[in-house]
Amino acid sequence: MKIFEMLIPMTWEGLKVTMSVFAITLIVSLPLAIFVALLKGSKNKYIYKFTSAYIYVMRGTPLLLQLMFIFFGFHYIPVIGYAFTRYQAIYIAFILNYTAYFTEIIRGGINTIDIGQFEATKVLGMSKSFAFTRIILPQVMKNIIPSLGNEIITLVKDTSLVYILGVTDILKAAKSVSNTYSTFTPYIFVAFVYLGIIAIMTNILSSIESKFDYYR
Amino acid sequence: MGLVVENISKSFGKIKVFDHLSFEVDAGSILCVEGKSGEGKTTLLRCLNKLEQVDEGSIFIDGENILQLKDARKIGSKIGLVFQNYNLFPHLTVMENLTITPNYLKIMNKEDVNLKAKKILKSLEIEDKENMYPYQLSGGQKQRVAIARACMLNPAVLCFDEPTSALDEDTSQKISSIIKNLANQGMAIIVVTHDIKFSRDISDLILKLEDGKLNRMQ
């Protein structure tokens, strides 16, 4: 039982880190991704190329490497070099990475909307911003919730990557306790913690999905 | 007053859809444009509603050239379009489909917008559908909601793209009397159709679009 006296408080502290990385990434990335998705749809070729390159880099390199680059490597860049704190680096890397993935999901969602919907808003004289927020986006959200859900669940598990910067999340807490007591039990314990978080997320996503069931 | 189209032309690349078309539709009258598939009837309506840019020419509504209209928000009060597949907003109720644009454009206060929507729905005999979503409606009901949505902005000209293509005989007749009613209220109506019986029934003038030119039929 001594193992749990160490494991539970450490897991609790780790859980705070896991959940804060998860929540801040989600809250910032989603609106940012809507904005980037609109930029990617721009007719300006420079804006299009810039957003495409950003998405390519973010999706084409591991999140672990991005974390390391922003924390260890960024201050070596001449002129703009700046040394981020651990948490700044974590939030920046997660937000940049997940914004790229969410952007592609939202772009895909926008492309599923019938062109007639855009044309109807134009014929009626709606502005582009009003048409997007009131007519297009609600339909996009309904279409992308399943894919968004997958990405949100992946985000919960990806938070374990913060260990590389020496920050203790729930997985690192389990590792510390496992090393102290030479037992695998802490890992099994945190596996259930992850499953619990995922179960809550799945339920929330299902209820959001069913809220959109009122129309077809 | 009404619609005056002068010498409009439209091409897609090297393909000329129509060439120097000119016609007029007076307020209160109905023009039907017939033609085979692919002759450019829908493109003509899209040009009138500024969904496509004409290569040249002018489109006047009540004396104002809408091609030079700077404020895009005014387009809906000049000319409206009832799409072939209606393009209702699926996530909004019938009532919301009708009220969202006038409320956004602030053309009158919210109470008046609601009253007007109810009045139009009643005149189209779908007042009991106001809280329904488009997927819960039949084709004819969706058509009427689309007409109601366009009428909310009081357009001087209302265009219909193949209004009877997906409707049975009875519903077509109902739509026909609705369109005649709108003309009687002073709207200039343009109907694009390949339904000859329907166009003979409702039109004051029939033009046939063929090889990029409009020929008078009646």
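Note that the structure is a prediction, hence the values are computed from the model and not measured.

## Digging into the nonpolar core
- Among the nonpolar cores identified, the biggest contains 71 residues, and Ala148, Val157, Cys159, Ile179, Ile189, Ile190 and Val191 of chain B are the most heavily contacted of them.
- In terms of residue count, helix α5 (residues 139-151) of chain B provides more of this core than any other element does, 6 residues in total.
- Residues within four places of Ala148 of chain B in sequence aside, it is in contact with Leu98, Ile120, Leu121 and Leu124 of chain B.
- One finds Ile34, Tyr98, Phe102 and Val140 of chain A within the second-largest nonpolar core, a separate group that totals 28 residues.

## As for the interface of chain A and chain B
- Taken together, the contacts link 18 residues of chain A with 22 residues of chain B.
- Secondary-structure elements contributing two or more residues to the side of chain A that touches chain B are α5 (115-124) and α6 (128-158) of chain A.
- Sorting elements by how many residues they give to the side of chain A that touches chain B places α5 of chain A first, with 7 residues.
- Looking at side-chain class alone, the side of chain A that touches chain B contains 9 nonpolar, 5 polar and 4 charged residues.

## Points about unusual backbone geometry
Residues and elements named next belong to chain B.
- Here the phi dihedral of Tyr86 falls at roughly 70°; this positive angle occurs in a residue that is not glycine.
- Mapped onto the elements, Tyr86 comes out in the loop between β6 (79-82) and α3 (94-105).
- Even without a glycine there, the phi angle at Asn154 is positive, about 50°.
- Here Asn154 lies in the loop between α5 and β7 (157-161).
- Residue class for Asn154 comes out partly exposed when judged on the 17 C-beta atoms lying within 10 Å of it.

## Quick word on the UniProt feature "domain: ABC transmembrane type-1" (unreviewed entry) in chain A
- Following the UniProt record, one finds the feature "domain: ABC transmembrane type-1" (unreviewed entry) at residues 15-206 of chain A.
- The span residues 15-206 of chain A shows a helical share of 81% and a strand share of 0%, and its end C-alpha atoms are spaced 23 Å apart.

## Structural notes on helix α1 (residues 2-40) of chain A
- Taking 1.5 Å per residue, 39 residues should reach 57 Å; α1 of chain A reaches 54 Å between its end C-alpha atoms and fits that length.
- The sharpest bend along α1 of chain A reaches about 25° and sits at Ser29 of chain A, with the proline Pro31 of chain A one to four residues further on.

## Describing the sheet that holds strand β4 (residues 56-61) of chain B
Residues and elements named next belong to chain B.
- Strand order across the open sheet formed by 4 strands is β2-β1-β4-β5, with antiparallel pairing between neighbours. A single partner strand is all that each edge strand has here, and the edge strands are β2 (15-26) and β5 (64-65).
- As defined by bridge partners, β4 adjoins β5 across 2 bridges and the pair is classed as antiparallel. What sits directly across from Phe60, in β5, is Asn65.
- Where helix α1 (residues 41-48) meets the sheet, its contacts fall on β1 (2-12), β2 and β4, and the angle it forms with β1 comes to roughly 120°.

## Remarks on the confidence of the model for chain B
All names here are of chain B.
- Mean pLDDT over chain B: 92, with 100% of residues reaching 70 or higher.
- At the level of individual helices and strands, chain B shows its lowest average pLDDT in strand β10 (residues 213-216), which scores 85, and its highest in α3, which scores 96.
- Here the prediction assigns the complex a pTM of 0.89, and the interface score ipTM is 0.92.

About the criteria used
Residues numbered from 1 in each chain as written. Chains lettered and ligands numbered in written order. Predicted model: local features only at pLDDT ≥ 70, side-chain atom pairs only at ≥ 80, totals over all residues. Core = buried A, V, L, I, M, F, W, Y, C linked by C-beta atoms within 7 Å. Buried ≥ 20, exposed ≤ 12 C-beta atoms within 10 Å, placed from the backbone. Helix = DSSP H or I, 4+ residues; strand = E, 2+ residues; numbered from the N terminus. Contact = placed C-beta atoms within 7 Å. Nonpolar A, V, L, I, M, F, W, Y, C, P; charged D, E, K, R; others polar. UniProt positions renumbered as here; feature names shortened; annotations may be inferred. Expected span 1.5 Å × (residues − 1). Bend = angle between axes of the 7 residues up to and from the residue. Pairing = 2+ DSSP bridges. Axes fitted to C-alpha atoms, helices over the stretch in contact; angles between N-to-C directions. pLDDT = per-residue confidence, 0-100.

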